[in-house]
Amino acid sequence: MSQYDTILKAMLTRKDVKWWYAKDFQHEPYFVGYEASPRMSELAMMYPDILISERDGRFRTLRVNWKNKKAIKKLIKEKEW
């Protein structure tokens, strides 16, 4: 599974987590490592209709736009998780 897929799968299967930080992907079970922050930035650009990017001080945060159910379902179907 790619780093992108690891992050996306975690975010789309864990509805209980509202905001995601790079540190969430620097240990198991969603290990991406120190590349997590740039991958999150890239994902936000790749899926602007699904992911909402903000900052918490100097840290990037992402959250899922759960209101866009159609795009989320389409993405999950494409990824076949």
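See above for the structure.
All residue numbers refer to position in the chain's written sequence, counted from 1. Only residues with pLDDT of at least 70 get local features here, since the model is predicted, and only at 80 or more are side-chain atom pairs given and counted; chain-wide, interface and lining totals rely on the full set of residues. Neither water nor hydrogens contribute to the side-chain values; these are computed over all heavy atoms in the structure.

Here we come to the side chain of Thr 61. Secondary structure counts use DSSP, requiring at least four H or I residues in a row for a helix and at least two E residues in a row for a strand, with both numbered from the N terminus. Mapped onto the elements, Thr 61 comes out in strand 3 (residues 59–64). When its relative accessible area of 3% is taken as the criterion, Thr 61 is described as buried. In this analysis, two residues are considered to be in contact whenever any of their non-hydrogen atoms come within 4.5 Å of each other. Ignoring sequence-local partners within four residues, the contact set of Thr 61 consists of Trp 19, Trp 20, Tyr 21, Ile 52, Ser 53, Glu 54, Arg 55 and Asp 56. Burial classes: relative accessible area under 20% of the type maximum marks a residue as buried, over 50% as exposed, and values in between as partly exposed (1.4 Å probe, protein chains only).

This paragraph deals with the packing of aromatic side chains. To pair, rings of Phe, Tyr and Trp, with the six-membered ring standing in for Trp, must have centres within 6.5 Å; the planes then decide the type, stacked if under 30 degrees apart, edge-to-face if over 60, and tilted in the middle. Taken as a whole and assessed by the stated rule, the structure comprises two aromatic pairs. Taking 5.3 Å as the distance between ring centres and 20 degrees as the angle between the ring planes, the aromatic pair formed by Trp 20 and Phe 25 counts as stacked. Here Trp 20 falls in the buried class, since its relative accessible area comes to 3%. Relative to Tyr 30, the ring of Trp 20 lies with its centre 6.2 Å away and its plane at 80 degrees, an arrangement referred to as edge-to-face.

Quick look at helix 1 (residues 3–13) now. Since one α-helical turn is 3.6 residues long, residues separated by three or four positions face the same way. Within the sequence span of helix 1, burial applies to Asp 5, Thr 6, Ile 7, Leu 8, Ala 10, Met 11 and Leu 12. On its buried side, helix 1 packs onto strand 1 (20–21), helix 2 (36–46), strand 2 (51–56), strand 3 and helix 3 (69–79).

Only when DSSP finds a minimum of two bridges between them are two strands counted as paired. Pairing of strand 1 with strand 3, which is carried by two bridges, proceeds in the antiparallel orientation. The residue bridging Tyr 21 from the neighbouring strand is Thr 61, located in strand 3.

Time to look at the pattern of salt bridges. Here, a salt bridge means any Lys or Arg side-chain nitrogen found within 4 Å of an Asp or Glu carboxyl oxygen. Going through the model one piece at a time under the given rule, you end up with three salt bridges. Notably, a salt bridge pairs Lys 79 with Asp 5, separated by 3.0 Å at the nearest N-O pair. Of this pair, Lys 79 sits in helix 3 while Asp 5 is found in helix 1, placing the two residues 74 residues apart along the sequence. The partly exposed category is assigned to Lys 79, whose relative accessible area is 29%. Among the residues examined, Asp 5 registers a relative accessible area of 17% and is labelled buried. We note a salt bridge from Arg 14 to Asp 16, for which the minimum N-O separation is 2.8 Å. In this structure Arg 14 comes out as partly exposed when scored by relative accessible area, which is 29%. We classify Asp 16 as exposed; its relative accessible area is 59%.

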